[in-house]
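Residues per chain, in single letters:
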Amino acid sequence: MDRQLMARALELAARGIGQVSPGPLVGTVIVDESGEVVGEGFYRYDRVKHAETVALEQAGSRAAQGATAYVSLEPHAHHGRTPPCTEVLIKAGIKRVVAPIEDPNPQVSGRGFAHLREAGIDVCVGLMAEEASRLNEAYIHFMRTGRPFVHLKMAVSLDGKVATRTGDSRWIAGEEARARAHELRHQYDAILVGSGTVLADDPLLTDRSGRPRRRPLLRVILDDRLRLPNDYQLSQTAREQPVLLFTSSDAEPASELKELGVEMVRIEGGARDLLAMMNELAAREIQSVLAEGGGTLAGALMDTGLIDKVTFFIAPMIIGGLNAPTAVAGTGASRIKDAFQLEDIEITRRGRDVEVTGYPRSKDEG
């Protein structure tokens, strides 16, 4: 029963996707002493009420007394935008709290559980910890490393090409895979592309999932030589949805792009200084980045060790051609044993295409 109710708490937490950043996804289920679900809630940043509070309000004071709270992440015990969740649970008379993982936020980590135990509440930790960590992978990564979680997403042919030798790439992925790509965009704070992709495709790079989101998707471009044309879609829509362009400190001024609403950040080492770019995004509380190419950017991210997750949509076509661009450029591996290996792999059919998603294997695992 604990597993079933924790699964429900995680399901509720997922309803907050796109609506919680820079906070975590949190869901809560309140179960009374007879085993009946009396309250449910999930966190949305703008609601300024945590999942625990929403669920307890739904349950009512009588039903909450002596009840069990299933919470998808450790309740916090500090005063932030809201009062401590632990105090709310204690005052409601909750006798047992089940949670899968600690919150890695230094202000929270372990303190929430300690506060509950000090109040005499039975605290059970660890149930469905892997599922809970996956759900909040971007938040956890951001809290532990101080930089955004980077998910590389590419659409490729069977022979690993991302376009023909003439640069034509529309469309390698089928309709179902492209719809899935917009679902992925909805989950992220920013989308990242290189200037080559922009010049080749003139993309809009928006979230067209139709789902609610708290912050507009930040469109990030790496453009060392300031080649973004004024009449491209990104330039023309910059006032409607933000565009952040990273360029070198010695690039020519681009007053027209600024007038169109494109924000520019000049980096001493140029846009190739990916760590400086990530630090700037982190300073803006960008927790997660979906990198959509092209091959030069993918290779640079891989060579720098900045990829945290990978999704490839593989289409049943062979493009061929020595000069047709491949998915990942960069330095690459000199030996097969040094190749970029994935683990925890999921393979899903998306119409005619196959989606392969995995995580980088740590080097100490061989």
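Residues numbered from 1 in each chain as written. Predicted model: local features only at pLDDT ≥ 70, side-chain atom pairs only at ≥ 80, totals over all residues. Heavy atoms only, no water.

The contact between helix H12 (residues 274-283) and helix H13 (residues 295-304) brings their axes to 11 Å, and the two run at 90°. With respect to H13, the axis of H12 lies roughly perpendicular. Facing Leu274, Leu275 and Met278 of H12, the residues of H13 in contact are Ala300, Leu301 and Thr304. Its residues assigned to classes, the contact of H12 with H13 comprises 5 nonpolar, 1 polar and no charged. (Axes fitted to C-alpha atoms, helices over the stretch in contact; angles between N-to-C directions. Helix = DSSP H or I, 4+ residues; strand = E, 2+ residues; numbered from the N terminus. Parallel < 35°, antiparallel > 145°, perpendicular 65-115°, else oblique. Contact = heavy atoms within 4.5 Å. Nonpolar A, V, L, I, M, F, W, Y, C, P; charged D, E, K, R; others polar.)

Within the span of helix H5 (residues 111-118), buried status applies to Gly112, Phe113 and Leu116. Projected down its long axis, H5 carries its buried residues within an arc of 95°, all on one side. Residues of H5 that are buried in the fold lie against helix H4 (85-92), strand E4 (96-99) and strand E5 (122-125). (Buried < 20%, exposed > 50% of the residue type's maximum accessible area, 1.4 Å probe, protein only. Arc of directions from axis to C-beta.)

Let us now look at H13. All of the buried residues in H13 are Gly295, Leu297, Ala298, Gly299 and Leu301. Looking at the buried residues of H13, the elements they touch are strand E6 (149-157), strand E7 (190-194), strand E8 (218-222), H12 and strand E11 (288-291). Remark: Gly305 follows H13 within two positions and exhibits a positive phi of approximately 75°.

The next point concerns the nonpolar core. Core analysis: the biggest nonpolar cluster contains 41 residues, and Ile30, Tyr70, Ile94 and Val97 have the highest contact counts within it. Looking at this core element by element, the count peaks at 6 residues for helix H1 (residues 2-14). Counting residues in each nonpolar core, the second largest holds 30 residues, with Leu192, Ala271, Leu301 and Ala327 among its members. (Core = buried A, V, L, I, M, F, W, Y, C linked by side-chain atoms within 4.5 Å.)

What follows concerns the sheet that holds E7. On the basis of which strands lie adjacent, the open sheet formed by 9 strands has the order E10-E9-E8-E7-E11-E6-E12-E14-E13 and mixed pairing. Of all the strands in the sheet, the pair left with one neighbour each is strand E10 (263-267) and strand E13 (342-350). Direction aside, the axes of adjacent strands within the sheet are offset by 20° on average. Note that E13 and strand E14 (residues 353-360) share 7 bridges and pair antiparallel. Looking at the pairing, Thr348 lines up with Glu355 of E14. Lying over the sheet, H13 contacts E6, E7, E8 and E11, oriented at roughly 135° with respect to E6. (Pairing = 2+ DSSP bridges.)

To continue, consider the environment of Asp308. Here Asp308 is to be found in the loop between H13 and strand E12 (309-315). Along the backbone, Asp308 and Ser157 are 151 residues apart, and their C-alpha atoms lie at a distance of 23 Å. When residues no more than four places from it in sequence are discounted, the contact partners of Asp308 are His141, Arg147, Pro148, Phe149, Val150, Tyr359 and Pro360. A polar side-chain atom of Asp308 sits 3.3 Å from a polar atom in the side chain of His141. At 2.8 Å, the side chain of Asp308 and the backbone nitrogen of Val150 are in polar contact. (Polar contact = N/O pair within 3.5 Å; in protein donor to acceptor, adjacent residues only side chain to side chain.)

It is worth spelling out the side chain of Ser248 at this point. Along the chain, the position of Ser248 falls in strand E9 (residues 243-248). A distance of 3.2 Å separates the side chain of Ser248 from the backbone oxygen of Asp224, its partner in a polar contact. Side-chain polar atoms of Ser248 contact the side chain of Asp250, separated by 2.9 Å. Residues contacting Ser248, with those up to four places away along its chain left out, are Asp224, Arg266, Ile267, Gly270 and Ala271.

The linkage connecting Arg170 with the following residue, Trp171, adopts the cis geometry, with an omega of -10°. Residue Gly294 follows Gly293 across a cis peptide bond; omega there is 10°. Among the secondary structure elements, Gly294 is positioned in the loop between E11 and H13. We note that Leu205 has phi near 60°; this positive angle belongs to a residue other than glycine. Position of Leu205 among the secondary structure elements: in the loop between helix H9 (195-201) and E8.

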